[in-house]
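Given next are the chains, with one letter for each unit.
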Amino acid sequence: MVAKDIMTRELVTVKPDASIREIAETLVNHKFSGLPVVDEEGHIIGIVSEGDLMQHELAPEAPEVFTLLGAVIYGKGLKEYRESFRKVAAMTAREIMTQDVITMQQDEDVSRVGQIMLKHHIKRVPILDGERLVGIISRQDIVKMMLEN
């Protein structure tokens, strides 16, 4: 079985200039935990999730810092702290979205999609036909497929 066999084709997306409130309302109204952010041509440029919105509302956790021979070392990493701080200050989808999106092609084997989801601790994978977003596979889609087999 391949991705296009189980993907959700009726996509709900947001534009990069969507407000935080607009994103939250869309997530709640459609009972989704995340949405693709698409540009004017329909290309995926990011994903915004409930977790991103939660980070927006919560102050970033102060990084664990220690010094060694005069050097400042960040426990969890300065990159993670900066990312968290960026999301707190966000006003639009472009500013809050996760930009490094893992996508897969529609002819990819479903087991490979599942492996990628587990490996990267992600809940959804946008599915492409070439460069065009054509669907999305969530963990629930894979569990549903398991029940049907």
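The preceding data block contains the structure.
If you're wondering where the values come from, they're calculated on a predicted model, not measured in any experiment.

Q: Give me the overall build of the protein chain: which residues, what numbers.
A: Each helix and strand in the protein chain was counted, giving 7 helices and 7 strands. Along its sequence from the N terminus, the protein chain presents helices and strands in the succession α-α-β-β-α-β-β-α-α-β-α-β-β-α. Taking all 149 residues of the protein chain together, 36% fall into the buried category. Of the contacts made within the protein chain by residues no fewer than 6 positions apart, 54% connect residues no fewer than 24 positions apart.

Q: Describe unusual backbone geometry, and please don't skip the residues or the numbers.
A: In this model, Lys-31 sits at a positive phi of 60 degrees, which is unusual for a non-glycine residue. By the secondary structure assignment, Lys-31 is in the loop between α2 (20–30) and β1 (34–38). Given a relative accessible area of 76%, Lys-31 falls into the exposed group. The backbone phi angle of His-121 is positive, close to 55 degrees, even though this residue is not glycine. Here His-121 shows up in the loop between α6 (110–120) and β6 (124–129). Judged by relative accessible area, which is 67%, His-121 ranks as exposed.

Q: Lay out the layout of surface pockets with the relevant residues and their values.
A: Estimates place the volume of the second largest pocket at around 430 Å³. Lining of the second largest pocket is provided by 21 residues; of these, Thr-8, Phe-32, Ile-136, Ser-138 and Asp-141 occupy positions nearest its centre. Put simply, the parts of the chain that give the lining of the second largest pocket at least two residues each are α1 (3–6), β1, β7 (132–138) and α7 (139–148). With 5 residues, α7 is the largest single contributor of residues to the lining of the second largest pocket.

Q: Tell me about the environment of Pro-16, residues and numbers included.
A: Of note, Pro-16 is situated in the loop between α1 and α2. The spacing of Pro-16 and Met-97 is 81 residues in sequence and 8.6 Å in space, taken between C-alpha atoms. In this structure, Pro-16 is in contact with Val-37, Val-38, Ile-45, Thr-92, Ala-93 and Arg-94, ignoring residues within four places of it in sequence.

Q: Pulling in residues and values, what's your account of the side chain of Ser-49?
A: The residue Ser-49 is located in strand β2 (residues 44–49) in this model. Among all residues touching Ser-49, those that are not within four sequence positions of it are Leu-27, Ser-33, Gly-34 and Arg-124.

Q: Could you give an account of the sheet that holds β6, with specific residues and numbers?
A: Strand order in the open sheet formed by 3 strands is β5-β6-β7, and the pairing between neighbours is mixed. In this open sheet, the two strands that pair with only one neighbour each are β5 (104–105) and β7. Where β6 lies against β7, 6 bridges are found, and the strand directions are antiparallel. Within β7, the residue paired with Leu-128 across the bridge is Leu-133.

Rules of the game
- Residues numbered from 1 in each chain as written.
- Predicted model: local features only at pLDDT ≥ 70, side-chain atom pairs only at ≥ 80, totals over all residues.
- Heavy atoms only, no water.
- Helix = DSSP H or I, 4+ residues; strand = E, 2+ residues; numbered from the N terminus.
- Buried < 20%, exposed > 50% of the residue type's maximum accessible area, 1.4 Å probe, protein only.
- Contact = heavy atoms within 4.5 Å.
- 1 Å grid on protein atoms, 1.4 Å probe; cavity = no way out; pocket = protein on both sides within 12 Å on 5 of 7 lines; lining within 4 Å.
- Points joined across faces, edges and corners; volume = space filled by probe spheres on them.
- Pairing = 2+ DSSP bridges.

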